[in-house]
Amino acid sequence: TSPAPAPRTPFYLTTAIAYPNGAPHIGHAYEYISSDALARFKRLDGFDVFFMTGTDEHGLKMQQTAAKEGIDVRELAARNSDVFQAMDKVLGISYDRFIRTTDTDHELACQAIWERMVAAGDIYLDTYAGWYSVRDEAYYTESETTLLEDGNRISTDTKTEVEWTEESTYFFRLSAYQDKLLALYESHPEFIAPSTRRNEIVSFVSGGLKDLSVSRTTFDWGVPVPGDPSHVMYVWVDALANYLTGVGYPNTDSEAFTRNWPADLHIIGKDISRFHTVYWPAFLMSAGLEIPKRVFVHGFLYNKGEKMSKSLGNVVDPLEMVEQYGLDALRFFLLREISYGQDGNYSHEAIVTRMNADLSNELGNLAQRSLTMVAKNCDAVVPTPGELTDDDRALLAQADALLEKCRAEFDVQALHHALEAIWHVLGETNRYFSQQEPWVLRKTDPARMATVLYVTLEVVRIVGILVQPVMPDSASKILDLLGQSEGARDFAHLGERIVAGSPLPAPSPVFPRYVEPETA
Ligand code: ME8
C-alpha cells in the first residue's frame, strides 16, 4: 500500500462581494478573473484552496435602487445576484462558494461577531450626526466633503453625493484600536499590499480614528442588531462578516474554520481598502479573532483613461467582450497588460495587439509550427532527443526556472510579472527555433531536428502547464495537443520531461489571429 498523501496546506482566498444593485461591469470581471487565476495557481501548486465570492445585498443603496425600480429589494437582490453568478460561469470563475449576505447562515455569523464586540465593551448607543454617502455606503466627516456651487455636497475623494444623517445608532469604539492597528501594520508589513496602499492607510490611522457608527434606524433592510431589532447593522459590518460565514463561523471548532481562518488573502479594489484594512481588523481584534494574513488592493480599470459611467456610454458588458475576443484572450489581456495593483486601461486596439503578438505569434505559432513538423516528420509521436547541446540545455534551464519565478510572483500577486517571465522564455524559444532551423535539419541532420523539436515541445509543455491559471481552456488544448493526460497537468509534473515516443493527436491552431469583422 502506498503511504497516505501528506495533508495539503489550506489556502483561503476571497474577492469582495459586489452590490447587486445593477449588472456587473468589467471592473467586477477583472477582480474575479484575477482572483480566479490566483486560486487556480495555488490549486495546481498543491494547495487545498477555498475560494469565495458573492453578493452584498443589504443596505440603503440596495433599498433605494429597488424603490426607484418599483420592485421588492429581495427581488432586486435575487435577480442581480443571479446575473453575477451567470457571469462567473461564463468567465470560468472557479469559486467554491458563492455567498449571498441574505443566506441564513450569514445572519447568524453577523449576530455572533456583534455579540462578541458587545462583550468586549466596544459597542455603545449614541446619536450619529454627520454625512453619509449612499453610493459608497460610507460615513464622511465634514472635512472629507466638498460643498459644490449648486449647493450639493460630495465626498471629496469619491465625488459621490453625501446626505446629512442624524439618528440613534450604536457605535463601535474604533478610536481604541489606533495603536493596535498601527502595531499590526508595523509587525506585519505584508498585511496591506501594494506598499503605496499600506502607506496611505498608515498615514490615515496615524491621524487618529473616530468611533464608527455601526447600526441604522431609519430603514430596515439589513441584519437586525441582537437584542435591539429597531436597529439594523451597518451594511459594512454585515458585508465584512461574510468572510467568516464562509468558513463556518460562529462554529469556531468546525473543521472549515480551524483549517481556513484566518483568511490567507482578501482581494479588493482600491475604493474599499479602508474598510478592509482598518475597520475589519479592528472588528476582529475586538471579537478575539485572528486577522487575515493579507489584503491585496487592485487598481481600477478605465476605458481608454476614462472612468466607466452610464452617462459617458462607455460601460462595457464583460459578456460582450468575451463574445468578441474569447474568454482566454480577455483573461490574458487583463492580467498581462495591467500591472496588478495599479490602475489600468483597456481598449480594442490594446486587446487585439496582445492577442496577435503574444498569443497568436509567440505562443500559438510556436506550438503549431513545432507540432506540425512532428506530425509530418516524426510519425506523430514525441521525438526522441539525441545528446543535448549547450543551446538546448540553456533554453530548458530557462523554462525550468519559470516555476520558482512564477511562484514568487504569484505569492506577491505580481501576476503581470509572472506572465512577462513566461513570455520572455517564449521569445527565447522562438529565437532558438529560428536559429536551429529544424526545417533545414530535416534534410541535413534528422536526428538533430528530432532533438530541437523535442526541446521545443518540452518548453511548450512547461508553458502550457504554467498558463493554466490564466487561460484554462487554451492551456488545456495545448496540453491535449502534447498528449498530456489530465493527471499530468499540475505543477508537480513540471519536474518531469515530456516522454519520447508518446503519441500526439493531429495539430490544430489554438490562438487564431484576431481579424477585424468586415464593416459594411
Ligand atoms: O464595494 N475597476 O461592492 P461593489 C476595478 N459591496 N475594480 C472595480 C471597479 C473598476 N472600475 N469598480 C469597482 C462593494 N471595482 C462592496 C464590497 S466586500 C466585504 C464589500 C471593485 O460592487 C471594487 O473595488 O461596489 C470592489 O472590490 C468590487 O469591484 C465590488 O464593488
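Residues numbered from 1 in each chain as written. Predicted model: local features only at pLDDT ≥ 70, side-chain atom pairs only at ≥ 80, totals over all residues.

The name an unreviewed UniProt entry gives the chain is Methionine--tRNA ligase, with Rhodococcus spelaei as the organism. Within the UniProt record for the chain, the comment given under Sequence similarities (unreviewed entry) is "Belongs to the class-I aminoacyl-tRNA synthetase family. MetG type 2B subfamily." In its Subunit (unreviewed entry) section, the UniProt entry covering the chain states "Monomer." (UniProt positions renumbered as here; feature names shortened; annotations may be inferred.)

### Describing the overall build of the chain
The helix and strand tally for the chain stands at 19 helices and 17 strands. Taking 520 residues into account, the globule formula puts the C-alpha radius of gyration at 24 Å, and the chain, at 26 Å, falls close to it. If you line up the chain on its principal axes, its C-alpha atoms span 90 × 65 × 40 Å. In the chain, 75% of the contacts between residues at least 6 apart in sequence involve partners at least 24 apart. (Helix = DSSP H or I, 4+ residues; strand = E, 2+ residues; numbered from the N terminus. Rg over C-alpha atoms; globule rule 2.2 N^0.38 Å. Contact = placed C-beta atoms within 7 Å.)

### As for helix α18 (residues 446-466)
Residue pairs spaced three or four apart in an α-helix point in one direction, given the helix's 3.6 residues per turn. Spanning 21 residues, α18 covers 30 Å between terminal C-alpha atoms, matching the ideal 30 Å at 1.5 Å per step. With 19 of 21 residues buried, α18 is to be regarded as a mostly interior element. (Expected span 1.5 Å × (residues − 1). Buried ≥ 20, exposed ≤ 12 C-beta atoms within 10 Å, placed from the backbone.)

### A few points about the site of the ligand
Near the ligand there are 19 residues, and of these A16, A18, G27, D56 and G269 occur at the shortest range. Those elements giving two or more residues to the shell around the ligand turn out to be α1 (26-44), α7 (235-240) and β14 (265-269). Ranked by residue count, the leading element in the shell around the ligand is α1, at 4 residues. For the shell around the ligand, a count of residues per class yields 12 nonpolar, 4 polar and 3 charged. (Near = placed C-beta within 6 Å. Nonpolar A, V, L, I, M, F, W, Y, C, P; charged D, E, K, R; others polar.)

### Some details on helix α19 (residues 472-481)
Buried residues of α19: S474, A475, I478, L479 and L481, and no others. Here the buried residues of α19 occupy an arc of 160 degrees about the axis, which is enough to place them on one side. On the buried face of α19, the contacting elements are α12 (327-337), α13 (348-377) and α18. Of the residues flanking the end of α19, it is G483, one or two places downstream, whose phi is positive at about 70 degrees. (Arc of directions from axis to C-beta.)

### A look at the packing of helix α14 (residues 390-400) against helix α16 (residues 415-436)
One way to put it is that α14 packs onto α16 with a least axis distance of 10 Å and a crossing angle of 160 degrees. With respect to α16, the element α14 is oriented roughly antiparallel. Considering the relative orientation of α14 and α16, their crossing is left-handed. Counting all contacts with α14, which are made through D391, L395, Q398 and A399, the residues of α16 involved are V425, E428, T429 and Y432. (Axes fitted to C-alpha atoms, helices over the stretch in contact; angles between N-to-C directions. Parallel < 35°, antiparallel > 145°, perpendicular 65-115°, else oblique. Left-handed = near helix turned anticlockwise from the far one by under 90°.)

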